[in-house]
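So the chains spell out like this:
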Amino acid sequence: MSELRYDPIKQTWVIIATERAVRPTHFHRREEMVGEITCKTCPFCPGNEGRTPPEIMAIREPDTAANTPGWKVRVIPNKFPALSIESSRKRYGRGIYDVVSGFGAHEVIVETPEDSLQMVDFSLQQLRDVFFVYRERLKDLKRDERLRYIMIFKNYGLEAGASLFHSHSQIIGIPVTPNMVATELVSTREYYSLKERCMMCDILDQEVQEGERVVINQEKFIVYTPFASSFPFELRIVPKGHSHDFGLTDEDTLRHFASVVKEVLQRLRKVLNDPPYNFILHTSPPQTRRPGKPDYWASIENDFHWHLELIPRMTMLAGFEWGTGFHINPTSPEDAAGFLRDAEIEL
Ligand SMILES: [Zn+2]
Ligand SMILES: [Zn+2]
């Protein structure tokens, strides 16, 4: 049974996930975790549906039964969840320490039935289907008032934390608000209360005007390298139209999102030679009523602007980064944007 613990000195939560209890030798050589996985043993391949917990949702061919082949995108509970939906959410103190029981959701989205096809090579329809599933799972999990945040993310490549090659993303619903999310919520809310403008909308205006950090500027999305990028080739993919909640994304925007993500991944592959990466969807949290904080979400629809953060994993965190929380980035965001813009790709 896992639990969330709070570090009062660092002011940060951590999940102690004992479901995954491992012996010290497990950490000796990480590559061995992946082992030799073939389509016969891959739990995400069609025909092996029985190797996973029963599916939560799927996009399927008509007349195919749940947990059998015939799906295009399939969502399943994580077999080794960091948090479990079955346990209840309890807060308690243990001496001076704060603990929250390991309640939460941990799901896997298998993005394609094809074992070796990676997201960058998906058809636009397949990518749209994946993002449609993101949206539907987000909407569903937001109904659970015990969850404070729902995070959708993807790890691609061993160095980015992917333990299976078969293309997939993950959803974790957490019973507390993570620090990084809280920081974004507070800074955008404070900016709005001062100026009555959305900070991200203002950033987009300025980035388009200056142009040097813009990688893609299409009808509905802008992709740019943040002014203070922590990592080389860090990217933000942002809808031009203001919207706080990815769960409200319409069909047309989903299709544009698919095409812009595909283009970004193609440009990254060309420039960085198929880098490992993480992407994380930043969207508004469930607006659960907070006792004692009646105005907590008062301006969220106006102040927060959903976006996808994408980080190629080109550098290792070293002592300086761990000690200070800030990063030394060897590539300026202006140079990175230039390389990505100039990459010759077939669209
Ligand atoms: Zn597979
Ligand atoms: Zn905005």
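Structure first, text after, so check above.
Residues numbered from 1 in each chain as written. Chains lettered and ligands numbered in written order. Predicted model: local features only at pLDDT ≥ 70, side-chain atom pairs only at ≥ 80, totals over all residues.

(A) Structural context of helix H8 (residues 333-342). Every buried residue belonging to H8 is among Pro333, Ala336, Ala337 and Leu340, and all of these are buried. Projected down its long axis, H8 shows its buried positions confined to an angular sector of 100 degrees, all on one face. Buried residues in H8 make contact with strand E10 (214-217), strand E11 (221-224) and helix H5 (251-272). (Buried ≥ 20, exposed ≤ 12 C-beta atoms within 10 Å, placed from the backbone. Helix = DSSP H or I, 4+ residues; strand = E, 2+ residues; numbered from the N terminus. Arc of directions from axis to C-beta. Contact = placed C-beta atoms within 7 Å.)

(B) A look at the sheet that holds strand E7 (residues 105-110). If you trace the ten strands from one edge of the open sheet to the other, you get E3-E4-E7-E9-E8-E13-E14-E12-E11-E10, paired in antiparallel fashion. Edge positions in the sheet fall to strand E3 (57-60) and E10, since each of these pairs with one other strand and no more. Each adjacent strand pair in this sheet contributes to an overall mean axis angle of 15 degrees, direction not counted. In this sheet, strand E4 (residues 71-77) lies alongside E3 in antiparallel orientation, the contact comprising four bridges. Following the sheet pairing, Arg60 is matched in E4 by Trp71. (Pairing = 2+ DSSP bridges. Axes fitted to C-alpha atoms, helices over the stretch in contact; angles between N-to-C directions.)

(C) Layout of H5. Taking 1.5 Å of rise per residue, the 22 residues of H5 would be expected to cover 32 Å, and the 31 Å separating its terminal C-alpha atoms lies within 8% of that figure. Within H5, the full set of buried residues consists of Thr253, His256, Phe257, Ala258, Val260, Val261, Lys262, Glu263, Val264, Leu265, Arg267 and Leu268. A positive backbone phi angle near 60 degrees is found at Asn273, which sits one or two residues after H5. (Expected span 1.5 Å × (residues − 1).)

(D) The packing of helix H2 (residues 124-142) against H5, seen in detail. Taken N-terminus to C-terminus, the directions of H2 and H5 make an angle of 115 degrees; their axes are 8 Å apart at the nearest point. The interaxial crossing formed by H2 with H5 has right-handed handedness. Mapping the contact onto sequence places Leu124, Leu127, Arg128, Phe131 and Phe132 in H2 and Leu254, Arg255, Phe257, Ala258, Ser259, Val261 and Lys262 in H5. Across the contact of H2 with H5, the residue classes tally to eight nonpolar, one polar and three charged. (Left-handed = near helix turned anticlockwise from the far one by under 90°. Nonpolar A, V, L, I, M, F, W, Y, C, P; charged D, E, K, R; others polar.)

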